[in-house]
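Each chain is listed here by its residues.
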Amino acid sequence: MEINFENEFIEAGKSCLPQQKRQHFYEKMKRAAVSVHVVEADCIRDGNKFEKLEDSDMGSGFIITKDGHIMTCSHLVQGVIKDGRLLFIAYAEEPDVLREAMLLYDEPGSDVAVLQLKKVDREFDFCKFGRKEEISMGMEVFSISNPLGLEFSFLMGRVSLSSLVAGDIQIQAAKFDDDLPLIQLNNVNILSGASGGPLFDGKGRVIGMCSFGVGDTGYAVHVQRLSEVHLASSEGTHPKKKRGRQTELLDGLCLKKVTR
């Protein structure tokens, strides 16, 4: 079921979620949030469940389809196929149970990847994407992610710049496409493990994905690019060549080729 708060909380023209509603907001939206784990291939197997390893690399992600497709940051899963490592997903309802996933789609220049569970046994709650026209400076935003391994933490902040591109930033964003649209965030410290977390507006719609931070300033991939990647991954098409590396799908394997 697609989950959001469009008809519940925020009155028209207001951008703040009432204090008394935030706990309910968190409990509802975390149903679509996940932790992403990258572990060595010699982990212990038990059917479709895997023992949680303390030394796994952790990131964040969120569910975007009812059959369990998950969006996360590309930089979290780079080298997984090449290095022979495995991907696992944990849900908030069972944070200590890891389920194996595979890389379905990868767009490194946008820092966006889509994962798919290897075994799907039910339909999932999933996020709704917001509209870029409704993102404004000063609006309150929220994220559910795993900073420093603190799983499913609730983060709050505000939009300080609603529209810029990676080419405007001279620090970490240099590895991304120059035209990658970003949102600059105030008081959203994107620590290790928080990358890939969904950025919600006050109505529970995804307007971005946390990517990286510099001090107390965070940067999220804009919903404009997330929507494009979601569409491309669902249709099985490839990223635009101008964005750099492409991912081809063949029998569940990911084959990368350089097009730069």
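To start, this report covers the structure provided alongside it. (Residues numbered from 1 in each chain as written. Predicted model: local features only at pLDDT ≥ 70, side-chain atom pairs only at ≥ 80, totals over all residues. Heavy atoms only, no water.)

Let's shift gears to the overall build of the protein chain. Helix and strand content of the protein chain: four helices and 18 strands. The proportion of buried residues among the 260 residues of the protein chain is 53%. Summarising the internal contacts of the protein chain: among those between residues at least 6 apart in sequence, 66% fall at separations of at least 24. On the protein chain, roughly 11900 Å² of surface is accessible, and the fraction owed to carbon and sulfur atoms is 48%. (Helix = DSSP H or I, 4+ residues; strand = E, 2+ residues; numbered from the N terminus. Buried < 20%, exposed > 50% of the residue type's maximum accessible area, 1.4 Å probe, protein only. Contact = heavy atoms within 4.5 Å. Areas by Shrake-Rupley, 256 points an atom, 1.4 Å probe, with all protein chains shown as cover.)

This part takes up the packing of aromatic side chains. Overall, the coordinates contain eight aromatic pairs when judged by the stated rule. Considering the side-chain rings of Phe-25 and Phe-200, the 6.1 Å spacing of their centres and the 85 degrees angle between planes classify their relative orientation as edge-to-face. One end of the pair, Phe-25, is in helix H1 (residues 22–29); the other, Phe-200, is in strand S14 (residues 198–200), with 175 residues separating them in the sequence. Taking relative accessible area as the criterion, Phe-25 reaches 0% and is therefore assigned buried. Three or more aromatic residues joined by ring pairs form one cluster here, namely Phe-25, Tyr-26, Phe-142, Phe-154 and Phe-200. The residue whose ring lies beneath Arg-122 is Tyr-91, and the NZ or CZ to ring-centre distance is 5.7 Å. (Phe/Tyr/Trp six-rings, centres within 6.5 Å; stacked < 30°, edge-to-face > 60°. Lys NZ or Arg CZ within 6 Å of the ring centre and 35° of its normal.)

Turning our attention to the pairing of strand S10 (residues 126–129). Pairing between strand S1 (residues 2–3) and S10: two bridges, direction parallel. Each bridged residue has a counterpart across the sheet, and for Ile-3 the counterpart in S10 is Cys-127. Two strands pair when backbone bridges link them, and S10 and strand S15 (residues 205–214) are joined in this way by two bridges, in the parallel orientation. Bridge pairing in S15 places Phe-129 opposite Val-206. (Pairing = 2+ DSSP bridges.)

A large share of strand S8 (residues 94–107) lies buried, amounting to 10 of its 14 residues. One ladder, built from four bridges, connects strand S7 (residues 86–91) with S8; its direction is antiparallel. Each bridged residue has a counterpart across the sheet, and for Tyr-91 the counterpart in S8 is Glu-94. In this antiparallel pair of consecutive strands, S7 and S8, the connection spans two residues.

The next point concerns the pattern of salt bridges. One pass over the structure, following the stated rule, counts 10 salt bridges. Residue Arg-131 pairs with Glu-134 through a salt bridge whose shortest N-O separation is 2.5 Å. Take Arg-131: its relative accessible area is 42%, and that puts it in the partly exposed class. Within the structure, one salt-bridge network assembled from shared partners comprises Arg-131, Glu-134, Asp-201 and Arg-205. (Salt bridge = Lys/Arg side-chain N within 4 Å of Asp/Glu carboxyl O.)

With 13 residues, helix H4 (residues 223–235) should reach 18 Å at 1.5 Å per residue; the first-to-last C-alpha distance of 18 Å fits that figure. Val-223, Arg-225, Leu-226, Val-229, His-230, Ala-232 and Ser-233 are the residues of H4 that are buried. (Expected span 1.5 Å × (residues − 1).)

Before going further, it helps to examine unusual backbone geometry. Of note, Asp-111 is a non-glycine position whose phi angle comes to about 55 degrees, a positive value. Of note, Asp-111 is situated in the loop between S8 and strand S9 (112–117). In this structure, Asn-187 is a non-glycine residue whose phi angle is positive, near 65 degrees. Following the sequence through the fold, Asn-187 ends up in the loop between strand S13 (181–186) and S14.

Let us now look at the side chain of Ser-35. Positionally, Ser-35 belongs in strand S2 (residues 33–39). The class of Ser-35 is buried, set by a relative accessible area of 0%. Here His-37 takes part through its side chain, which lies 3.0 Å from a polar atom of the side chain of Ser-35. Those residues in contact with Ser-35, other than ones at most four positions away along the chain, are Gly-59, Phe-88, Ile-89, Ala-90, Asn-146, Glu-151 and Phe-152. (Polar contact = N/O pair within 3.5 Å; in protein donor to acceptor, adjacent residues only side chain to side chain.)

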